[in-house]
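Report on the structure
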Number of protein chains: 2
Amino acid sequence: MISDPMQGAPTLEEVAALAGVSRSTVSRVVNNSPHVKADAVAAVQVAIDKLGYVPNRAARSLASRKTQVIALVVPESTAKVFADPFFASVVQGVALRLAETEYTLNMVIASEAAPEKTRRYLLGGNVDGALVVSHHSGDHSYAHLGLTLPVVFGGRPLSASESDSYFVDVDNIGSARTVTQHLIDLGRKNIAMIAGRQDMPAGADRLAGWRGAMSDAGLDSSLVEQGDFSPRQGAEAMRRLLDSGRPIDAVFASNDQMAAGALSALRERGVSVPGTIAVAGFDGDYFGETSEPPLTTVVQPSTGLGEKMAEVLVRLLAGEPVERVTIMPTALIVRGSTVA
Amino acid sequence: MISDPMQGAPTLEEVAALAGVSRSTVSRVVNNSPHVKADAVAAVQVAIDKLGYVPNRAARSLASRKTQVIALVVPESTAKVFADPFFASVVQGVALRLAETEYTLNMVIASEAAPEKTRRYLLGGNVDGALVVSHHSGDHSYAHLGLTLPVVFGGRPLSASESDSYFVDVDNIGSARTVTQHLIDLGRKNIAMIAGRQDMPAGADRLAGWRGAMSDAGLDSSLVEQGDFSPRQGAEAMRRLLDSGRPIDAVFASNDQMAAGALSALRERGVSVPGTIAVAGFDGDYFGETSEPPLTTVVQPSTGLGEKMAEVLVRLLAGEPVERVTIMPTALIVRGSTVA
DNA sequence: ATGAAAGCGCTAACAT
DNA sequence: ATGTTAGCGCTTTCAT
């Protein structure tokens, strides 16, 4: 059998004995207190190294009433579409940034069936703060968590007013306007929209951005179909658009996955892209990079978004002043799906 | 400012007082001890609900010498390619499965620069067990961790002998043979291989499987180029293959990402697929699903792999007998890249 | 600058 | 079946 890992781990007390100082002094050294004489610090360091001492988190947490744990809350529905490369990148950014700190990353899958369980866990003093990513969820039972626990959201929370929650996001409306304008500048007039779920900020805002650009240009903005951000539903939406019989010379989809789906529907109907219909997406993930033709899209700094979320929370926890809203930059990338 | 979340959290002692029993009894109820009378259980439950009591993990961990934490160790290089959908799915499986247990998932990014930091953390009594995924790493400093801490690997560990580590994997050799045989059955004779990194088991084994099938069929197995599992290097490998001037009528790539890259190289050279060259991949991820044409591939149950890893570790931790090696089933999926 | 002492909230023998 | 008694390993006043 495997030996108990917690067995025989050297304690602070043993370090103190070996260094010939009190436990308090060792504790101070471990916590970088400035009030310890240099030689004492040295002696303790030697003892720590010799023993391979690692502070016990549980004891430390119990005594200090701080957990040094940050929860990354992922609604279960989002977890199921972990396949979403955008989401995976955000998680990656969070993990990378947190690895540089003393915080530990606790990934929590929030079952939509038992939201109370998650709430209790988060509010039960098990974590110092939480990061909530819900690209794909309408569930915002976490919106009010921010009143009790430091929380940073990935993407603007739907239900909470901007004034009382911290979040990191991109300018979805503005970016959607930009892609749409690109399509308009190309001379396209009948630009359809494959919108994402409207119970999600990203879905609603991108639709709003498209509408804004269309009406500013005096174009009709009634060509809208909806999908759930998946390639499959993107393809289905495209087919419905085609079947409507209305003239279409361009399509803007709420994300690259749906745009890629639209591309396959177009291919199966023998419609040339961008010749007959130009297609643009949003996200800048590899669905768009590897599609045929590659997609014109709005690139979001997905890893950067995760890093920023972690950073905002860490600073919040450190008591530093932090801006409630952080908007990350996006960039329009023009590729073969709109320009031959 | 935000109120201290750990402030005022009801303690076991308060529950005991309200229920009119001792702390031990409350503890027993919380831990589902069978030795508590029904009415006492009821009284305690009422008190717990009324107070909204949540056990303090730190205190529990300190007293019980168990952390209830499982680390998911991700080598930093792997984290950077978190973009790998296969890997993301494995993580998803782990998280989903662990969410059903009492364990907490601690995601640890193991910096290759400071492997000792991770070792210390894992061995310092901060976790009960670890899950190591290193699809993309040659680093196996974790191989010997298994001697001290319960560890389950995703994929066969390279350096450790099978007899002393737990792992969950698929039959890479056999599956690679199967795809290759499919190509041979199609009448292809000059089948090239785009192999993955040979310092990784998956890379080496898939190459071996292809070799085996080729030599069994009496075919030449010298048409090999290597890549790092990325689409870009898959495309480059394909170009080198084409530039070699040797006849080629099929290609098997170590993963779908490289196969997708090969597809784009082929398209840019105007080579028809599967007409002139048939292409097959491995993994069953969406690179293969969304490519044009979609890829014939070996589907691995990626989420299932993660779930199984979690399950094996949980059972190991529970002291249940568990098989050291778990091989998950794969399936050959034939699509347009090999059959018109 | 350092030590002594008192817990943090819980579990785990040991009694009863 | 339930209560009592010690700690788990660390931080943190409070002295000195």
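These figures come from a predicted structure and were not determined experimentally.

Within the UniProt annotation, "domain: HTH lacI-type" (unreviewed entry) is assigned to residues 10–64 of chain A. The annotated region residues 10–64 of chain A carries 69% helix and 0% strand content, and the separation between its end C-alpha atoms amounts to 20 Å.

Side chains of a nonpolar character, in soluble globular proteins, are inclined to be buried together. The biggest cluster of nonpolar side chains holds 60 residues, and the ones touching the most others in it are Leu98, Leu131 and Val152 of chain A together with Leu98, Leu131 and Val152 of chain B. The next biggest cluster of nonpolar side chains, apart from the first, holds 22 residues, and it includes Leu223, Met258, Leu266 and Ile277 of chain A.

Our next topic: unusual backbone geometry. All names here are of chain A. The omega angle of the peptide bond from glutamate 292 to proline 293 is -5°, so this bond is cis rather than trans. In this structure, proline 293 sits in the loop between helix H12 (286–290) and strand S10 (297–299). Phi is positive for aspartate 283, close to 130°, though the residue is something other than glycine. You can call aspartate 283 buried: its relative accessible area is 3%.

What follows concerns the interface of chain A and chain B. Counting from both sides, the interface comprises 54 residues of chain A and, opposite them, 54 residues of chain B. Summing both partners gives a buried area of about 4900 Å² for chain A against chain B, and 62% of it is carried by carbon and sulfur. If you look at where chain A meets chain B, you find two salt bridges. Of the charged contacts in the structure, one is a salt bridge between glutamate 292 of chain B and arginine 267 of chain A, with a shortest N-O distance of 3.2 Å. The tally of links between chain A and chain B comes to 10 residue pairs in polar contact (both at pLDDT 80 or more).

All right, on to helix H4 (residues 57–64) of chain A then. The residue sitting at the N-terminus of H4 of chain A and contributing the capping side-chain oxygen is asparagine 56 of chain A; that oxygen lies 2.8 Å from the backbone nitrogen of alanine 58 of chain A. Positioned one or two residues after H4 of chain A, arginine 65 of chain A has a phi angle of 60°, which is positive.

A separate point is the pattern of salt bridges. Inspection of the entire model under this criterion finds 30 salt bridges over all chains. One salt bridge connects aspartate 220 of chain A with arginine 246 of chain A, and the closest N-O pair in it is separated by 3.2 Å. Separated by 26 residues along the polypeptide, aspartate 220 of chain A in the loop between helix H9 (201–216) and strand S7 (224–226) and arginine 246 of chain A in the loop between helix H10 (231–243) and strand S8 (250–253) bring together distant segments of the chain. Owing to a relative accessible area of 38%, arginine 246 of chain A belongs among the partly exposed residues under this scheme. For aspartate 205 of chain B, the salt bridge identified is with arginine 156 of chain B, shortest N-O distance 3.0 Å. With aspartate 205 of chain B in helix H9 (residues 201–216) and arginine 156 of chain B in the loop between strand S4 (151–154) and strand S5 (166–170), the pair connects residues that are 49 residues apart, well separated along the chain. A residue is classified by how much of its surface remains accessible, and arginine 156 of chain B, at 23% relative accessible area, is partly exposed. Where salt bridges share partners, they join Arg97, Glu100, Lys308, Glu311, Arg315 and Glu320 of chain A into one cluster.

Okay, the packing of aromatic side chains next. Counted under the stated rule, the structure contains five aromatic pairs over all chains. Between tyrosine 286 of chain A and tyrosine 286 of chain B the ring centres are 6.3 Å apart and the planes differ by 25°, which places this aromatic pair in the stacked class. Taken together, the residues tyrosine 286 of chain A in helix H12 and tyrosine 286 of chain B in helix H12 (residues 286–290) connect one chain to another. Put simply, the rings of Tyr286 and Phe287 of chain A together with Tyr286 and Phe287 of chain B touch in pairs and so form one group of aromatic residues. Positioned above the aromatic ring of phenylalanine 282 of chain A is the side chain of arginine 206 of chain A, whose terminal nitrogen or guanidinium carbon lies 3.8 Å from the ring centre.

Let us now look at the protein's contact with DNA strand C. Around DNA strand C there are 27 residues in total, and Thr25, Arg28 and Lys37 of chain A together with Leu12 and Tyr53 of chain B lie nearest to it. Sugar plus phosphate: this is where 60% of the atoms of DNA strand C within 4 Å of the protein reside. Tyrosine 53 of chain B has a polar side-chain atom sitting 2.5 Å from a phosphate oxygen of DNA strand C. Of all the secondary structure elements, the ones that give two or more residues to the surface near DNA strand C are helix H2 (23–30) and H4 of chain A together with helix H2 (23–30) and helix H4 (57–64) of chain B. Along the lines of polarity and charge, the residues of the surface near DNA strand C split into 10 nonpolar, 10 polar and seven charged.

With that settled, the discussion passes to the sheet that holds strand S2 (residues 104–110) of chain B. An order of S11(A)-S5(A)-S4(A)-S3(A)-S1(A)-S2(A)-S2(B)-S1(B)-S3(B)-S4(B)-S5(B)-S11(B) is seen for the 12 strands of this open sheet, with the pairing classed as mixed. Each edge of the open sheet carries a strand with a single partner, namely strand S11 (325–328) of chain A together with strand S11 (325–328) of chain B. Averaged over all adjacent pairs, the angle separating strand axes in this sheet is 20°, with direction ignored. On top of the sheet, helix H13 (residues 302–317) of chain B reaches strand S1 (69–75), strand S3 (129–133), S4, S5 and S11 of chain B; it is set at about 160° to S5 of chain B, its chief contact.

Next up on the list: the protein's contact with DNA strand D. Around DNA strand D, 26 residues are found, and the nearest of them are Leu12, Ser27 and Tyr53 of chain A together with Ser24 and Lys37 of chain B. Near the protein, within 4 Å, the atoms of DNA strand D are sugar or phosphate in 59% of cases. One of the backbone N or O atoms of asparagine 56 of chain A is found 3.3 Å from a phosphate oxygen in DNA strand D. Only H2 and H4 of chain A together with H2 and H4 of chain B provide two or more residues apiece to the surface near DNA strand D.

About the thresholds
- Sequence order as written defines the numbering, with residues in each chain counted from 1.
- The lettering of chains begins at A and the numbering of ligands begins at 1, in the order of writing.
- It should be noted that, the model being predicted, local features are given only for residues of pLDDT at least 70 and side-chain atom pairs only at 80 or more, the latter also being counted only at that level, while totals for whole chains, interfaces and linings use all residues.
- Note that water and hydrogens are dropped before the side-chain values are worked out from all heavy atoms of the structure.
- UniProt positions are given in the numbering used here, feature names are shortened, and annotations may be inferred rather than shown by experiment.
- Helix and strand assignments follow DSSP, with helices taken as H or I runs no shorter than four residues and strands as E runs no shorter than two, numbered in order from the N terminus.
- Within this scheme, the nonpolar core is defined by two criteria: the residues are buried Ala, Val, Leu, Ile, Met, Phe, Trp, Tyr or Cys, and they are joined through side-chain atoms within 4.5 Å.
- Type-normalised accessible area, obtained with a 1.4 Å probe on protein chains alone, sets the label of each residue: buried when under 20%, exposed when over 50%, and partly exposed for intermediate values.
- Any two residues having at least one pair of non-hydrogen atoms within 4.5 Å are treated as being in contact.
- Accessible-area loss on putting two parts together, using a 1.4 Å probe and summing over both, is the definition of buried area adopted here.
- For this document, the term salt bridge refers to a Lys or Arg side-chain nitrogen within 4 Å of an Asp or Glu carboxyl oxygen.
- Under this definition, polar contacts are N or O atom pairs within 3.5 Å; protein pairs additionally need one hydrogen-donor-capable and one acceptor-capable atom, and for neighbouring residues in sequence, both atoms have to be side-chain atoms.
- Paired rings are identified among Phe, Tyr and Trp, the last through its six-membered ring, by centres lying within 6.5 Å, and are further divided according to the angle between planes into stacked (under 30 degrees), edge-to-face (over 60) and tilted (the rest).
- When the NZ atom of lysine or the CZ atom of arginine is within 6 Å of a ring's centre and also within 35 degrees of its normal, the charge is said to sit over that ring.
- To be near a molecule or strand, a residue needs just one of its heavy atoms within 4 Å of it.
- Ten residues, namely Ala, Val, Leu, Ile, Met, Phe, Trp, Tyr, Cys and Pro, are considered nonpolar, four, namely Asp, Glu, Lys and Arg, are considered charged, and the remaining ones, Gly among them, are considered polar.
- Following DSSP output, two strands are said to pair if at least two bridges run between them.
- Here, axes are lines fitted to C-alpha atoms. For helices the fit covers the stretch in contact, and angles between N-to-C directions go from 0 to 180 degrees.

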